[in-house]
Amino acid sequence: MPIRTVYKAQIDHMQILDEDGKLDEKLAKNTLTDEQVVHLYEQMTICRTLDEVAFKLQRSGRMGTYPQNKGQEANAVGAAIALEKGTDWLVPCYRENAALFMHGLPMHYILLHWMGDERGNQIPDGLKITPLSIPIGTHMLHAVGIAWAMKLRKERGVACTFFGDGATSEGDFHGAMNFAGTQQVPCIFYCQNNQWAISVPREIQTAGETIAQKALGYGMPTMQVDGNDIFAVYKATKDAADRARAGGGPSFIEAITYRLGDHTTADDAKRYRSAEEVDSWKLKDPLIRTRKYLERKDQWSDKKQSELDERAKKITAEVVKTAEGIEKPHTDDMFNHLFSEIPAELRRQRDTLRTHSLGQEPGQVGLRAPGQAEHV
Ligand SMILES: Cc1ncc(C[n+]2csc(CCOP(=O)(O)OP(=O)(O)O)c2C)c(N)n1
Ligand SMILES: [Mg+2]
């Protein structure tokens, strides 16, 4: 019996808008209108302004650790506009702020989250968004579960989960991909390959030439896109969503991008990556590229830019005011959201906290007066 080839594969890379803001007209057909591009440019700018504000809040001790989205915004906005708000689920990691805002999450929730206030994770009813996943990769399983449920209920929705290059080395990632493939669930696996997992470079994250090829092992359509190109991100996500809605199962997208900031405010990326590398990626910045495109098409001006910058400043100042102005949480809140019926031991702890200061300031918030209404 001669040797025969039983499987052949290739991974395509798609770029539609190049670094100079030039468009591949053929590939761009039926993608984004100029009006939509302006909208996405505004969303990216507002998101980046919030990033800068959050960074300063952390540095001045008003917020905990914060992971900047800077440089990766095209992924979030391009995918978000390709998905249906209120129908499709977003299952995020922590570098997709703009997608969450576009699907309805009030911006101050993100600040509350990083200020360590759990109310930032209580997504308002009606929004199809799960809380940020700080454990790397665990949320892809949740996305597959949501997608499976939608399939069983014959709903039209798709679940799109975002994660990094590092997450694709986790066991949970492979479990999620395998199950999604065998059950053909309507799930989009969106990998933001930003070249680094904290200080671990992409080259040693996996021995494979691409991350996209990992999906071949799970029988999924897969491709690479330029993740700093809103057109390519939009097209890849829209095609994957259309396929999923038509019963075609899951898809994988590897988006090539770069985080221009440190991993988080607790990191100093200068210790492990060169200034030349960062500079080379600054030239590929999605905001610069999108603005160049709009200028080419006579859709943008310095005047519009300064109006937008002013608007972004105002919006984010208001967001900070809302986040910092929220009433302090009550100690009861620590017990209120985990169990429908609180176990006896936790009830005892909760009740003790109401009547004893436990070595803390007796005047602290949380010492509820006897007889005051209980939450549970
Ligand atoms: C299960 C788990 N292991 C380790 C960590 C610590 N950790 C936080 S971020 C990170 C790197 C993630 O890299 P990547 O998936 O590429 O995402 P990026 O931060 O680059 O967007 C690690 C190891 C964690 N949060 N969760
Ligand atoms: Mg990464």
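Above this text sits the structure in question.
Residue numbers here run from 1 along each chain, matching the order of that chain's written sequence. Each chain takes a letter, starting from A, and each ligand takes a number, starting from 1, following the order in which they are written. At least 70 in pLDDT is required for a residue's local features to be given in this predicted model, at least 80 for side-chain atom pairs to be given and counted, and no such filter applies to totals for whole chains, interfaces and linings, which use all residues. The basis for every side-chain value is the complete set of non-hydrogen atoms in the structure, without hydrogens or water.

## Comments concerning the coordination of the magnesium ion (ligand 2)
Counted as donors are the N, O and S atoms within 2.8 Å of the metal, or 3.2 Å for Na, K and Ca, while water is not among the atoms, so some sites may look incomplete. Only Asp165 (OD), Asn194 (OD1) and Trp196 (O) from the protein reach the magnesium ion (ligand 2) as donors, at distances of 2.1 Å. Each donor residue of the magnesium ion (ligand 2) lies on one chain, and together they are spaced D-x28-N-x1-W. One end of the pair, Asp165, is in the loop between strand E3 (159-164) and helix H7 (171-183); the other, Trp196, is in strand E5 (residues 196-197), with 31 residues separating them in the sequence. Its relative accessible area of 1% is what places Asp165 among the buried residues. Strands are runs of DSSP state E lasting at least 2 residues, helices are runs of H or I lasting at least 4, and numbering of each runs from the N terminus. Using a 1.4 Å probe on the protein chains alone, a residue whose accessible area is under 20% of its type maximum counts as buried, one over 50% counts as exposed, and one in between counts as partly exposed.

## Some remarks on the sheet that holds E3
A pair of strands is labelled paired if DSSP reports no fewer than 2 bridges between them. Read from one edge to the other, the open sheet built from 6 strands follows the order E1-E7-E8-E4-E3-E2, with strand pairing classed as parallel. Edge positions in the open sheet fall to strand E1 (13-14) and strand E2 (89-91), since each of these has one partner strand only. Relative to strand E8 (residues 251-256), strand E7 (residues 222-226) runs parallel, the two being bridged by 5 bridges. The residue of E8 that forms the bridge with Gln224 is Glu254.

## Quick word on the site of ligand 1
To be near a molecule or strand, a residue needs just one of its heavy atoms within 4 Å of it. Lining the immediate surroundings of ligand 1 are 15 residues, of which Tyr94, Arg95, Gly166, Asn194 and Trp196 lie closest. Each polar contact in these results corresponds to two N or O atoms within 3.5 Å; when the atoms are within protein, one needs to be able to donate a hydrogen and the other to accept it, and residues that are neighboring in sequence are counted only if both atoms are side-chain atoms. Within the backbone of Gly166, one N or O atom sits 2.8 Å away from an oxygen atom of ligand 1. The separation between an oxygen atom of ligand 1 and a polar side-chain atom of Asn194 is 2.9 Å. Using a 1.4 Å probe, accessible areas were evaluated by the Shrake-Rupley method; residue-level cover was limited to the displayed protein chains. Coverage of ligand 1 by the protein chains reaches 70% of its 580 Å² of free accessible surface. Looking at the shell around ligand 1 residue by residue, the class counts come to 8 nonpolar, 4 polar and 3 charged. Note on residue categories: nonpolar means Ala, Val, Leu, Ile, Met, Phe, Trp, Tyr, Cys or Pro, charged means Asp, Glu, Lys or Arg, and polar means any other residue, Gly included.

## Observations concerning the packing of aromatic side chains
Centres within 6.5 Å are what make two rings of Phe, Tyr or Trp a pair, Trp counting through its six-membered ring; a difference in plane orientation under 30 degrees is then read as stacked, over 60 as edge-to-face, and the rest as tilted. If you walk through the whole model with that rule in mind, you get 11 aromatic pairs. Look at Trp148 and Phe179: their rings are 4.9 Å apart centre to centre, the planes differ by 75°, and that puts the pair in the edge-to-face class. Taken together, the residues span a long stretch of sequence, with Trp148 in helix H6 (residues 139-152) and Phe179 in helix H7 at a distance of 31 residues. Phe179 gets classed as partly exposed once you look at its relative accessible area, which sits at 30%. Residues Phe163 and Phe173 carry aromatic rings whose centres are separated by 5.7 Å and whose planes lie at 55° to one another, so their mutual orientation is tilted. Separated by 10 residues along the polypeptide, Phe163 in strand E3 and Phe173 in helix H7 bring together distant segments of the chain. Here Phe163 falls in the buried class, since its relative accessible area comes to 1%. An aromatic cluster of three or more residues is present, and its members are Phe163, Phe173, Phe189 and Phe252. Sitting over the ring of Trp281, Lys284 keeps its end group 4.2 Å from the ring centre. Only lysine NZ and arginine CZ atoms are considered, and such an atom sits over a ring when it is within 6 Å of the ring centre and within 35 degrees of the ring normal.

## Some thoughts on the nonpolar core
Within this scheme, the nonpolar core is defined by two criteria: the residues are buried Ala, Val, Leu, Ile, Met, Phe, Trp, Tyr or Cys, and they are joined through side-chain atoms within 4.5 Å. Judged by nonpolar contacts, the single largest core of 70 residues is most densely connected at Leu111, Ile230 and Phe231. The contact criterion used is simple: two residues touch if any of their non-hydrogen atoms lie within 4.5 Å. Once you skip the residues sitting within four places of it in the chain, Ile230 turns out to touch Leu32, Val37, Leu40, Met44, Ala74, Val77, Gly78 and Thr290.

## Some remarks on a nonpolar patch on the surface
Where nonpolar side chains cluster on the molecular surface, the patch consists of Trp148, Leu152 and Phe179 and spans about 290 Å² of accessible area. Among the structural elements, Leu152 can be located in helix H6. Patch members must show over 30% relative accessible area and no salt bridge, and they are joined within 9 Å when carrying like charges or within 5 Å when they are nonpolar side chains of Val, Leu, Ile, Met, Phe, Trp or Tyr. Basic side-chain nitrogens of Lys or Arg form a salt bridge, by our definition, when they fall within 4 Å of a carboxyl oxygen of Asp or Glu.

## Overview of the pattern of salt bridges
Counted by the stated rule, this structure contains 20 salt bridges. For Glu42, the salt bridge is made with Arg311, and the minimal N-O distance between the two is 3.4 Å. Pair noted here: Glu42 is in helix H2 (residues 34-59) and Arg311 is in helix H12 (residues 302-325), with a separation of 269 residues, a long-range link. The class of Arg311 is partly exposed, set by a relative accessible area of 39%. The residue Arg62 makes a salt bridge to Glu324 at a minimum N-O spacing of 2.9 Å. With Arg62 in the loop between H2 and helix H3 (73-82) and Glu324 in helix H12, this pair connects stretches of sequence that are 262 residues apart. Beyond isolated ion pairs, a larger network of salt bridges with shared partners links Glu84, Asp88, Arg156 and Arg245.

## Focus on the packing of H2 against H12
The axes of two packed helices give the description: the angle between them and the distance between them. Between H2 and H12, the shortest axis-to-axis distance is 9 Å and the interhelical angle comes to 50°. Regarding the angle of H2 to H12, the classification is oblique. In this structure, the crossing between H2 and H12 has a hand that is right-handed. The residues of H12 that touch H2, namely those facing Tyr41, Glu42, Thr45, Ile46, Thr49, Leu50, Val53 and Leu57, are Gln305, Leu308, Asp309, Arg311, Ala312, Lys313, Ile315, Thr316, Val319, Val320 and Glu324. What counts as an axis is a line fitted to C-alpha atoms, over the stretch in contact for a helix, and the angles between N-to-C directions run from 0 to 180 degrees. Throughout, the term roughly parallel applies to angles under 35 degrees, roughly antiparallel to angles over 145, roughly perpendicular to angles from 65 to 115, and oblique to all others. If you view the pair so one helix is near and one far, a crossing is left-handed when the near helix is turned anticlockwise from the far one by less than a right angle, and right-handed when it is turned clockwise.

## A short note on the environment of Gly164
Here Gly164 shows up in strand E3. Expressed as a C-alpha distance, the spacing of Gly164 and Trp196, which sit 32 residues apart in the sequence, is 8.6 Å. Leave out the neighbours within four places in its chain, and Gly164 touches Cys191 and Gln192.

So far we have only geometry, and geometry alone does not tell us how the molecule works.
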